[in-house]
Amino acid sequence: MLNDRFKNALVTGASSGLGRSFAKMLLDEGLEVWATSRDPDRLFTHPRLHPMKLDLSDPADSEKFAQHILAEAGELDLLVNNAGYGAFYPLEGFPREEISSQLNVLLSGPILLCREIYAHMKVRGRGTVVNVSSLASEFPIPCFSIYNSAKAGLSAFTRSLMLEAAGSGVVIIDLQPGDFRTAFNEKVCRDISKELPESLQRTWEKIEKHMENSPEAERAAQALRRMLRRPRSGTYRIGGFFQARIGPLLARFLPQRAVRSFLRCYYGLPRR
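Residues numbered from 1 in each chain as written. Predicted model: local features only at pLDDT ≥ 70, side-chain atom pairs only at ≥ 80, totals over all residues. Heavy atoms only, no water.

## Quick look at the overall build of the protein chain
Helix and strand counts for the protein chain stand at eight helices and seven strands. The C-alpha atoms of the protein chain give 18 Å as radius of gyration, which agrees with the globular expectation for 272 residues (19 Å, within 12%). Once the C-alpha set of the protein chain is aligned to its principal axes, its extents read approximately 55 × 40 × 30 Å. Each of the 272 residues in the protein chain was classed as buried or not, and the buried ones make up 50%. Expressed as a percentage of contacts within the protein chain between residues at least 6 apart in sequence, the contacts between residues at least 24 apart total 71%. Here the protein chain displays about 13400 Å² of accessible surface, and carbon together with sulfur accounts for 51% of that area. One way to put it: in the protein chain the 37 positive side-chain charges average out to a point 8 Å from where the 30 negative ones average out. (Helix = DSSP H or I, 4+ residues; strand = E, 2+ residues; numbered from the N terminus. Rg over C-alpha atoms; globule rule 2.2 N^0.38 Å. Buried < 20%, exposed > 50% of the residue type's maximum accessible area, 1.4 Å probe, protein only. Contact = heavy atoms within 4.5 Å. Areas by Shrake-Rupley, 256 points an atom, 1.4 Å probe, with all protein chains shown as cover. Lys, Arg positive; Asp, Glu negative; His and termini not counted. Charge placed at Lys NZ, Arg CZ, Asp CG, Glu CD.)

## As for helix 3 (residues 96-124)
Between its first and last C-alpha atoms helix 3 spans 41 Å; for 29 residues at 1.5 Å apiece the expected length is 42 Å, and the two agree. Helix geometry: helix 3 is bent most strongly at Asn104, by close to 45 degrees. Where helix 3 terminates, the next one or two residues include Gly125, which has phi positive at roughly 80 degrees. (Expected span 1.5 Å × (residues − 1). Bend = angle between axes of the 7 residues up to and from the residue.)

## So, the nonpolar core
Generally speaking, a soluble globular protein has its nonpolar side chains buried in company with each other. One finds Leu10, Ile69, Ile117, Phe144 and Ile172 to be the most contacted residues of the largest nonpolar core, which totals 43 residues. Listed by contribution, the elements that provide at least two residues to this core are helix 2 (59-73), helix 3, helix 4 (145-165), strand 6 (170-177), helix 5 (198-212) and helix 8 (256-266). In terms of residues, this core owes the most to one element, helix 3, which gives seven residues. Leaving out residues up to four positions away in the same chain, Phe144 has contacts with Gly86, Ala87, Phe88, Phe184, Val188, Trp204 and Ile207. Judged by nonpolar contacts, the second largest core, of 34 residues, contains Met25, Leu43, Phe44 and Ile238. (Core = buried A, V, L, I, M, F, W, Y, C linked by side-chain atoms within 4.5 Å.)

## Quick notes on the packing of aromatic side chains
The final tally for this structure, using the stated rule, is seven aromatic pairs. Ring plane angle 85 degrees and centroid distance 5.0 Å describe the contact between Tyr266 and Tyr267, whose orientation is recorded as edge-to-face. Of the aromatic side chains, those joined through ring pairs into one cluster are Phe88, Phe144, Tyr147, Phe184 and Trp204. Across the ring face of Phe44, the terminal group of Lys24 is positioned such that the distance to the ring centre comes to 5.3 Å. Above the plane of the ring of Tyr85 lies Arg38, whose end atom (NZ or CZ) is 5.8 Å from the centre. (Phe/Tyr/Trp six-rings, centres within 6.5 Å; stacked < 30°, edge-to-face > 60°. Lys NZ or Arg CZ within 6 Å of the ring centre and 35° of its normal.)

## Section: the pairing of strand 5 (residues 127-132)
Of all six residues that make up strand 5, six are buried, and the element is covered over most of its length. On strand 5, burial covers both faces: Gly127, Val129 and Asn131 on one face and Thr128, Val130 and Val132 on the other are all buried. On the question of chirality, the crossover connecting strand 4 (residues 78-81) to the parallel strand 5 by way of helix 3 is right-handed. A crossover links strand 5 with its parallel partner strand 6, the connecting element being helix 4, and its sense is right-handed. (Right-handed = clockwise from strand over helix to strand, strands pointing away.)

## Thoughts on the pairing of strand 2 (residues 32-37)
Remark: a regular strand shows side chains that alternate across the two faces of the sheet. Burial of strand 2 is extensive: five of the six residues sit out of reach of the surface. Since strand 1 (residues 8-11) and strand 2 lie parallel, the crossover through helix 1 (residues 17-28) that links them has a hand, and here it is right-handed. Bridge analysis of strand 2 against strand 3 (residues 49-53) gives five bridges, and the strand direction is parallel. Its bridge partner lying in strand 3, Ser37 is registered against Lys53. (Pairing = 2+ DSSP bridges.)

## Some points on the side chain of Ser62
Inspection of the secondary structure puts Ser62 in helix 2. Exposure remark for Ser62: the relative accessible area of 0% places this residue in the buried category. Once residues lying within four places of it in the same chain are set aside, the contact partners of Ser62 are Leu54, Asp55, Leu56, Gly109, Leu112 and Leu113.

## Notes on the sheet that holds strand 7 (residues 234-238)
Here seven strands make up an open sheet; going across it, the order is 3-2-1-4-5-6-7 and the pairing parallel. Two strands in the sheet have a free side with no partner beyond their single neighbour: strand 3 and strand 7. Across this sheet, the average inter-strand angle for adjacent strands is 15 degrees, counted without regard to direction. As paired elements, strand 4 and strand 5 share four bridges and run parallel to each other. Note on strand 5: the bridge partner recorded for Leu79 is Val129. (Axes fitted to C-alpha atoms, helices over the stretch in contact; angles between N-to-C directions.)

## Notes on the packing of helix 1 against helix 6 (residues 217-229)
Two measures define how a pair of helices packs: the angle their axes make with one another and the distance between the axes. Relative orientation of the contacting elements helix 1 and helix 6 amounts to 50 degrees, with a least axis distance of 8 Å. Accordingly, the angle class assigned to the pair helix 1 and helix 6 is oblique. In this structure, helix 1 crosses over helix 6, and the sense of that crossing is right-handed. Seen from helix 1, the contacting residues are Gly17, Leu18, Ser21, Phe22, Met25 and Leu26; seen from helix 6, they are Ala217, Glu218, Ala220, Ala221, Gln222, Leu224, Arg225 and Leu228. Within the contact of helix 1 with helix 6, the residues separate by chemical class into nine nonpolar, three polar and two charged. (Parallel < 35°, antiparallel > 145°, perpendicular 65-115°, else oblique. Left-handed = near helix turned anticlockwise from the far one by under 90°. Nonpolar A, V, L, I, M, F, W, Y, C, P; charged D, E, K, R; others polar.)

Function cannot be read off these values alone, since they describe shape.
Shown next as structure tokens:
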């Protein structure tokens, strides 16, 4: 059981999707879980689950929350930075407010939480930080340019922190999920009032199809459980066999031009 190593955990974005599955898995493993959502009423109930409101789009709220959670929980053994959302727009039509919101929620917010909670763990000489980035940092998704960029930034930040944390007793994990069957696509921000060009409509249909054919979110939770059982920093890719295993292997050996050609085909985009 994970409660041999962890007592208290914080999971952001726990009202749905991967975050919900992560929180339920940790509860099953005997931990006390502080779970966040922009709307805490959407969180499920459990005797050891502590619902909390957090809006990562506001950097000031992120810093205040980090200090508040440490005061309330006393000690945190595990941070799972999972909260996030997508926005599907071609770059020329990407709303300005969505750019800043996505960067705050997906990059600045998690970094600010890490800044406070990692420092707390380092003083104690133990703890684990899991930053949920994405395979999109290596294999970008069309019309998710800000999401891709923010997740790539979070991955780079996490790998930098691994170097700083060496010898501190704190484990740092860069978790890169591929597609999992969640309600993520239903919550993606996009302007459905405008008719998309045929190529982008085809791309959106491909994205939805890939999601429908993906593993269940519980598979991601079990993968995280296995990582937490062995205290080792690193980057871990999870998802379907092709996305998590074959894709990264091909990307390592194929030229970037070939990778781009494959992605255009994968998402139904014109080859030129």
